Amino acid sequence: MAKSSAARKLTEIVSPPQRRRSAFGGGPPTPPVRPNLPILNNSRLAVVMLLASELMFFAGLIGAFLVFRLSATVWPPPFQPRLPLGVTGVNSLILLFSALTMHWAVSASRTGLASKLVRQLFFTLLLGALFLVIQGYEWTRLIHFGLTTSSSVYGGLFYALIGAHGAHVFGGLVWLLIVYWQARHGRFTKTDFVGVQTARMYWTFVVALWPVLYGLVYLY
Amino acid sequence: MRVKTLLVIVFSVVTSPAIAQACAVCFSGDDDIVTHAFNWSVGFLLAAPYAIGGTIATCLVIAYRRAVAQRAALDETQAGELIWTEEESVK
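So, here's what we can say about the structure. These numbers come from a predicted model, not from an experiment. (Residues numbered from 1 in each chain as written. Chains lettered and ligands numbered in written order. Predicted model: local features only at pLDDT ≥ 70, side-chain atom pairs only at ≥ 80, totals over all residues.)

Another aspect to go through is the overall build of chain A. Secondary structure summary: chain A contains seven helices and zero strands in total. Considering chain A as a whole, with its 220 residues, one finds that 22% of them fall into the buried category. A sequence separation of at least 24 residues applies to 74% of the contacts in chain A between residues at least 6 apart. (Helix = DSSP H or I, 4+ residues; strand = E, 2+ residues; numbered from the N terminus. Buried ≥ 20, exposed ≤ 12 C-beta atoms within 10 Å, placed from the backbone. Contact = placed C-beta atoms within 7 Å.)

Right, let's talk about the environment of Ile94 of chain A for a bit. Residue and element names in this part refer to chain A. By the element assignment, Ile94 lies in helix H4 (residues 85-111). Through-space distance from the C-alpha of Ile94 to that of Leu126 is 10.0 Å; in sequence the pair is 32 residues apart. Setting aside residues up to four positions removed in sequence, Ile94 forms contacts with Leu127, Leu130 and Phe131.

Taking 1.5 Å per residue, 30 residues should reach 44 Å; helix H3 (residues 42-71) of chain A reaches 44 Å between its end C-alpha atoms and fits that length. Where H3 of chain A is concerned, the buried positions are Ile62, Phe65, Leu66, Val67 and Arg69 of chain A. (Expected span 1.5 Å × (residues − 1).)

What follows covers the nonpolar core. By size, the foremost hydrophobic cluster in this structure holds 36 residues, and its most contacted members are Leu117, Leu121, Leu176, Val179, Ala183, Val196 and Trp203 of chain A. Among residues more than four places away in sequence, those in contact with Trp203 of chain A are Ala99, Met102, Thr124, Gly172 and Leu176 of chain A. (Core = buried A, V, L, I, M, F, W, Y, C linked by C-beta atoms within 7 Å.)

On to the packing of H3 of chain A against helix H7 (residues 194-219) of chain A. All names here are of chain A. Two numbers describe how H3 lies on H7: the axes approach to 10 Å, and their chain directions differ by 15°. The pairing of H3 with H7 is recorded here as roughly parallel in orientation. Viewed along their axes, H3 and H7 form a crossing whose handedness is right-handed. Between H3, through Ser43, Arg44, Val47, Leu51, Glu54, Phe58, Ile62 and Phe65, and H7, the contact on the second element is made entirely by Val194, Gln197, Thr198, Met201, Tyr202, Phe205, Leu209 and Leu216. Residues that form the contact of H3 with H7 fall into these classes: 11 nonpolar, three polar and two charged. (Axes fitted to C-alpha atoms, helices over the stretch in contact; angles between N-to-C directions. Parallel < 35°, antiparallel > 145°, perpendicular 65-115°, else oblique. Left-handed = near helix turned anticlockwise from the far one by under 90°. Nonpolar A, V, L, I, M, F, W, Y, C, P; charged D, E, K, R; others polar.)

Written as structure tokens, this is what we have:
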């Protein structure tokens, strides 16, 4: 009996009315006991772990690029087409702006503005898709000019690094499309919008990685 | 004497720098451009896990401190409500 009572004491949360009664005459009532809340939502923690592994993946690719780039006396190698700096620079601005619209989407969900959330998610999707379309167009031109994965180490590294990023942008767009569909169906509320937050985390990673790759592959 | 000479020749050939290459990627000199490239790449890859882990740990510490502050503020508010209820002030 005593054992079961002790066990109950340890596992159960004492409700506020019981507390008030027991403390009557023996001092002021104590505040209710609440279980500890996690400091970070499980979904967000999972995305943090995913992003850490993604960062290591890109670190490996960048490490390989550094070996070939720093050991080359002439870069890009002779008889290889030059990369389009201007168009890709503008494309970078488009991608950076999509991070801003994604940030506005999270702000809208925090304040409970459902229509603004849907609108900003749509703009993010649009800008991300535009980035991919422009990248694809530039790739077809580069292939036409003779830059392929087998043409040189330069081509191989370019398609490995920029292609991996492009694949991640595509993955982010699929993720955003699901979140957009959920937002349109009223899935998110002012207090529950973790889906938008996790999508924002991934999209911010994809966008923040791009200037590093652009600087390394296109400008360096 | 002949054996001794032969041993000296064999020893000097075996331990010559070009043949006694133990490291698979140590094919360049100290100031070679390839050596620098490998050094930078290895340095970058060595630093990456620490940078990523450190950033995550910092973010978690900040989130923890924020959660503790929010919890303390919430507890303070709820304790006030419980103590100063109308029912108890009458009693």
